[in-house]
Amino acid sequence: MLLAALDGPTDVVGSVGFSPDGRLLTAGSDDRTARIWRVPPDGRPRREAVLTGFTTAVLGVRFTPDGKQVVTGVFDGTAHTLSADFGRAIAHACSYAGRPLTHERWRRYLSKVPYRRPC
């Protein structure tokens, strides 16, 4: 029985995992992305974020035990730890970037997240 179809990955999905509280689902794909969906009580996942910038396939994805970070294992031999608190990351994007995040740069790095001027 199919409970829900997840939109997004354009190649093989090699790894999936739920956050410890079961509210977020993540998947790593050969399309060089890691995607995160929010899983509300009605069970129909909604896309939360698309993590891009990987140079090769994302082979593994896991939430840390506290659910605050996502760890990715990538085919090129690297591992990345990323915040799972996307609202906080977006709110602090200007300080991370060192200058205001323009609409163009937002589109480049956060293409699947609706633009909100962070600062």
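Residues numbered from 1 in each chain as written. Predicted model: local features only at pLDDT ≥ 70, side-chain atom pairs only at ≥ 80, totals over all residues. Heavy atoms only, no water.

Draft legend 1. Molecular detail of the overall build of the chain. The secondary structure content of the chain amounts to three helices and seven strands. Of the roughly 7600 Å² of accessible surface on the chain, 54% is carried by carbon and sulfur atoms. (Helix = DSSP H or I, 4+ residues; strand = E, 2+ residues; numbered from the N terminus. Areas by Shrake-Rupley, 256 points an atom, 1.4 Å probe, with all protein chains shown as cover.)

Draft legend 2. Geometry of unusual backbone geometry. The backbone of Arg32 sits at a positive phi, close to 70°, despite the residue not being glycine. Relative to the helices and strands, Arg32 resides in the loop between β2 (24–29) and β3 (34–38). We classify Arg32 as partly exposed; its relative accessible area is 45%. (Buried < 20%, exposed > 50% of the residue type's maximum accessible area, 1.4 Å probe, protein only.)

Draft legend 3. Representation of the sheet that holds strand β6 (residues 69–74) in the model. Here three strands make up an open sheet; going across it, the order is β5-β6-β7 and the pairing antiparallel. Across the chains shown, the open sheet's two edge strands, defined by having one partner strand only, are β5 (58–63) and β7 (79–83). For this sheet, the mean inter-axis angle between neighbouring strands, taken without regard to orientation, is 20°. As defined by bridge partners, β6 adjoins β7 across five bridges and the pair is classed as antiparallel. Its bridge partner being in β7, Gly73 is matched across the sheet by Ala79. (Pairing = 2+ DSSP bridges. Axes fitted to C-alpha atoms, helices over the stretch in contact; angles between N-to-C directions.)

Draft legend 4. Layout of the pattern of salt bridges. This model, assessed by the stated rule, comprises two salt bridges. Across the salt bridge formed by Arg35 and Asp31, the nearest N and O atoms sit 3.3 Å from each other. Exposure class is identical for Arg35 and Asp31. Each is buried. Among the salt bridges present, the one from Arg38 reaches Glu48, with a minimum N-O distance of 3.2 Å. Of the two residues, Arg38 sits in strand β3 while Glu48 sits in strand β4 (residues 46–51), which places them 10 residues apart along the sequence. A relative accessible area of 28% means that Glu48 is categorised as partly exposed. (Salt bridge = Lys/Arg side-chain N within 4 Å of Asp/Glu carboxyl O.)

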